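Each chain, letter by letter, is given below.
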Amino acid sequence: MTQALLAVASYLIGAIPHSYLAGRVRGIDLREHGSGNLGATNAFRVLGARWAAPVMVLDVAKGFVPTYFFPALAGGGTPLALVFGVAAILGHVFPVYMRFRGGKGVATGSGVFLALAPAAVAIGLVIWGVLVGLTGIVSVGSIAAALALPVLVWWLYGSGIVLAVAIALAGFVLVTHRANIRRLLSGEEASFRNRERAS
């Protein structure tokens, strides 16, 4: 029962729409601006770095907190940590508070693996930062970092259940970014250097 309740709590924590709340403080509904996505990237595009930075930190925390702290409360180890982490990711992507329309899972997924494979996440963050800096396109960095994560986990930590979930997360990120991939292939993906400014 405790494990089930903590899994539900993980989902509900993951479902907290930080980007939407930040937008509402500014009088903006992010679902109606930019990409319409409720993630840190669209918050950056519409609201700017000053608002998007705390949104990203909080979205990472949504994945980290249940994954790192909840297993001790439930008497479990890594497999249970992954259950709580996956629940948080699903909450972020399919938030009950927002009619199941949320973000794409990159920041929250990073928080999950920050708890389980911190060195892999650190290198993935460098990859993300370099590619975003070079291209000005956040989705390029997000997709590349997600694809690199399983390789980094395997290289640094070996095979096992964490690697299996890293592979699954990479596939999930590709699915949630399918529209971005189409725009990248057609040369229509937006650059943050030309972000929409909130009024």
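Scroll up to find the structure.
Residues numbered from 1 in each chain as written. Predicted model: local features only at pLDDT ≥ 70, side-chain atom pairs only at ≥ 80, totals over all residues. Heavy atoms only, no water.

Visitor: Could you give an account of the overall build of the protein chain, naming the residues involved and the relevant values?
Guide: Summing up its helical and strand segments, the protein chain has ten helices and zero strands in all. Since a compact globule built from 199 residues should have a radius of gyration of about 16 Å, the 16 Å found for the protein chain is in line with a globular shape. Structurally, the protein chain occupies a C-alpha span of about 50 × 35 × 25 Å along its principal axes. Considering the protein chain as a whole, with its 199 residues, one finds that 46% of them fall into the buried category. Residue pairs in contact within the protein chain that sit at least 24 positions apart in sequence constitute 67% of those at least 6 positions apart. As displayed, the protein chain has an accessible area near 9,700 Å², and 68% of this comes from carbon and sulfur atoms. Across the protein chain, 15 positive and 6 negative side-chain charges occur, with their mean positions spaced 3 Å apart. (Helix = DSSP H or I, 4+ residues; strand = E, 2+ residues; numbered from the N terminus. Rg over C-alpha atoms; globule rule 2.2 N^0.38 Å. Buried < 20%, exposed > 50% of the residue type's maximum accessible area, 1.4 Å probe, protein only. Contact = heavy atoms within 4.5 Å. Areas by Shrake-Rupley, 256 points an atom, 1.4 Å probe, with all protein chains shown as cover. Lys, Arg positive; Asp, Glu negative; His and termini not counted. Charge placed at Lys NZ, Arg CZ, Asp CG, Glu CD.)

Visitor: Can you lay out helix 8 (residues 138-157) for me, pointing to particular residues and giving the numbers?
Guide: Across its 20 residues, helix 8 extends 27 Å between first and last C-alpha, which sits within 8% of the 28 Å expected from 1.5 Å per residue. Most pronounced at Leu149, the bend in helix 8 amounts to some 30°, and the proline Pro150 follows within four residues. For helix 8, the complete set of buried residues consists of Val138, Ser139, Gly141, Ser142, Ile143, Ala145, Ala146, Ala148, Leu149, Pro150, Leu152 and Val153. Its buried side turned inward, helix 8 meets helix 3 (40-47), helix 6 (106-116), helix 7 (118-135), helix 9 (161-176) and helix 10 (178-186). (Expected span 1.5 Å × (residues − 1). Bend = angle between axes of the 7 residues up to and from the residue.)

Visitor: Mind laying out the packing of aromatic side chains, listing which residues take part and the relevant values?
Guide: All chains considered together, the criterion is met by four aromatic pairs. A ring pair is formed by Phe64 and Tyr68, whose centres lie 5.0 Å apart and whose planes are at 15°; its orientation type is stacked. Linking Phe64 with Tyr68, this pair stays in helix 4 (residues 49-74), spanning four residues, or about one helical turn. When its relative accessible area of 23% is taken as the criterion, Phe64 is described as partly exposed. Considering the side-chain rings of Tyr68 and Phe69, the 5.0 Å spacing of their centres and the 80° angle between planes classify their relative orientation as edge-to-face. In this structure an aromatic cluster arises from ring pairing among Phe64, Tyr68 and Phe69. (Phe/Tyr/Trp six-rings, centres within 6.5 Å; stacked < 30°, edge-to-face > 60°.)

Visitor: Residues and numbers for the pattern of salt bridges, please.
Guide: This structure, assessed with the given rule, holds three salt bridges. Measuring nitrogen to oxygen at the nearest pair gives 3.4 Å for the salt bridge that ties Asp59 to Lys62. On the criterion of helical spacing, the pair formed by Asp59 and Lys62 is a turn pair, its members being three residues apart in helix 4. The residues Asp59 and Lys62 share a single accessibility class, namely buried. Put simply, Glu189 and Arg183 hold a salt bridge, and the shortest N to O gap is 2.7 Å. Of the residues examined, Arg183 reaches a relative accessible area of 28% and is grouped as partly exposed. (Salt bridge = Lys/Arg side-chain N within 4 Å of Asp/Glu carboxyl O.)

Visitor: Please provide a residue-by-residue account of the nonpolar core, values included.
Guide: In terms of nonpolar packing, the biggest core is built from 19 residues, with Phe113, Ala120, Leu149, Val153 and Leu169 touching the most fellow members. With six residues, helix 9 is the single largest residue contributor to this core. Ala120 has contacts with Leu149, Leu152, Val153, Leu156 and Tyr157, leaving out every residue within four places of it along the chain. Among the nonpolar cores identified, the runner-up in size contains 13 residues, and Ala22, Ile28, Leu38 and Leu47 belong to it. (Core = buried A, V, L, I, M, F, W, Y, C linked by side-chain atoms within 4.5 Å.)

Visitor: Summarise a nonpolar patch on the surface; cite the residues concerned and give the values.
Guide: On the surface, a cluster of nonpolar side chains totalling about 820 Å² of accessible area is made up of Val8, Leu12, Ile16, Leu21, Val86, Leu90, Phe94, Val96, Tyr97 and Phe100. Of all the elements in the fold, those that place two or more residues in the nonpolar patch are helix 1 (2-14) and helix 5 (78-93). Turning to its location among the elements, Phe94 is positioned in the loop between helix 5 and helix 6. We classify Phe94 as partly exposed; its relative accessible area is 38%. (Patch = residues over 30% accessible without salt bridge, like charges linked within 9 Å, V, L, I, M, F, W, Y side chains within 5 Å.)

Visitor: Give me the packing of helix 4 against helix 6: which residues, what numbers.
Guide: Two elements in contact, helix 4 and helix 6, have axes separated by 7 Å at closest approach and are oriented at 40°. By the angle class used here, helix 4 and helix 6 are oblique. Considering only the axes of helix 4 and helix 6, their crossing is right-handed. On helix 6, the residues touching Met56, Asp59, Val60, Lys62, Gly63, Phe64, Thr67 and Tyr68 of helix 4 are Ala107, Thr108, Gly111, Val112, Leu114, Ala115 and Leu116. Along the lines of polarity and charge, the residues of the contact of helix 4 with helix 6 split into nine nonpolar, four polar and two charged. (Axes fitted to C-alpha atoms, helices over the stretch in contact; angles between N-to-C directions. Parallel < 35°, antiparallel > 145°, perpendicular 65-115°, else oblique. Left-handed = near helix turned anticlockwise from the far one by under 90°. Nonpolar A, V, L, I, M, F, W, Y, C, P; charged D, E, K, R; others polar.)

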